[in-house]
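Coordinates in review
Each chain is listed here by its residues.
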Amino acid sequence: MFEQQFRSISKIDFMERYLSEKEYLIIIIISPKYHETVTSSPVSLENDERILNTVYIHKQLQNEFIQNGSKNFRFIPILFPGANKYHVPTWLQNTHVYSWPRDRDDVLRRLMRIEKYNPPPIGKLPTIVSIPI
């Protein structure tokens, strides 16, 4: 019964809702297969719904990145095992890319919006004494 309800939901509408709500962080899992899917010419893509959805989401994310002046406010690109910097989309090359599982703690901190290093507390202001010459 759940599967029937899930299939009746427009996946594009579902994805659009989360893509348009800017308070959500978006994890971009980068693998050789992902790179192949998003860089292939549209003619060579299979008519597979999963592939078409992946390409659609990729283009939406790229458009948002460009509209933000190429500043990354909410994307968390993560290299999965088997992937390297070559597999990162060109538009994300100048942002911080995490490696899984090595950077797991940093990814979790980013998702929870917790800083890795806390600044020390502000101390007392120094007393400046001026001595006449």
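In this report, the structure presented in the accompanying data block is examined. (Residues numbered from 1 in each chain as written. Predicted model: local features only at pLDDT ≥ 70, side-chain atom pairs only at ≥ 80, totals over all residues. Heavy atoms only, no water.)

**Focus: the packing of aromatic side chains**
Inspection of the entire model under this criterion finds three aromatic pairs. Ring centres of Phe 80 and Trp 100 lie 6.4 Å apart, and the angle between their planes is 20°; this geometry places the pair in the stacked category. With Phe 80 in the loop between strand E2 (75-79) and strand E3 (98-99) and Trp 100 in the loop between E3 and helix H5 (104-112), this pair connects stretches of sequence that are 20 residues apart. Look at Trp 100 and you get partly exposed, because its relative accessible area is 32%. (Phe/Tyr/Trp six-rings, centres within 6.5 Å; stacked < 30°, edge-to-face > 60°. Helix = DSSP H or I, 4+ residues; strand = E, 2+ residues; numbered from the N terminus. Buried < 20%, exposed > 50% of the residue type's maximum accessible area, 1.4 Å probe, protein only.)

**Quick look at the nonpolar core**
Residues Ile 28, Leu 61, Phe 75 and Trp 91 are the most contacted members of the largest nonpolar core, which totals 15 residues. When contributions to this core are tallied by element, the ones reaching two or more residues are strand E1 (26-30), helix H3 (32-39), helix H4 (49-67) and E2. Looking at this core, the element that brings in the most residues is E1, giving three residues. Ignoring any residue separated from it by four or fewer positions in sequence, one finds Leu 61 in contact with Leu 19, Ile 26, Ile 28, Phe 75 and Trp 91. Among the nonpolar cores identified, the runner-up in size contains five residues, and Leu 25, Ile 76, Tyr 98 and Val 107 belong to it. (Core = buried A, V, L, I, M, F, W, Y, C linked by side-chain atoms within 4.5 Å. Contact = heavy atoms within 4.5 Å.)

**Details of unusual backbone geometry**
Keep in mind that most residues, glycine aside, have a negative phi and that most peptide bonds are trans. Trp 100 connects to Pro 101 through a cis peptide bond whose omega is 5°. Positionally, Pro 101 belongs in the loop between E3 and H5. Phi angles above zero are rare outside glycine, and Ser 70 is one such case at about 60°. Relative to the assigned elements, Ser 70 resides in the loop between H4 and E2. At Arg 113, a position not held by glycine, the phi torsion is positive, near 60°.

**Points about a nonpolar patch on the surface**
A surface patch of nonpolar side chains, amounting to about 670 Å² of accessible area, comprises Ile 27, Ile 29, Phe 80, Trp 100, Leu 108, Leu 111, Met 112 and Ile 114. The set of elements that each furnish at least two residues to the nonpolar patch consists of E1 and H5. In terms of residue count, H5 provides more of the nonpolar patch than any other element does, three residues in total. Tracing the backbone shows Ile 114 in the segment after H5. The class for Ile 114 is partly exposed, based on a relative accessible area of 45%. (Patch = residues over 30% accessible without salt bridge, like charges linked within 9 Å, V, L, I, M, F, W, Y side chains within 5 Å. Areas by Shrake-Rupley, 256 points an atom, 1.4 Å probe, with all protein chains shown as cover. Salt bridge = Lys/Arg side-chain N within 4 Å of Asp/Glu carboxyl O.)

By themselves, these are just geometric observations and shouldn't be taken as functional.
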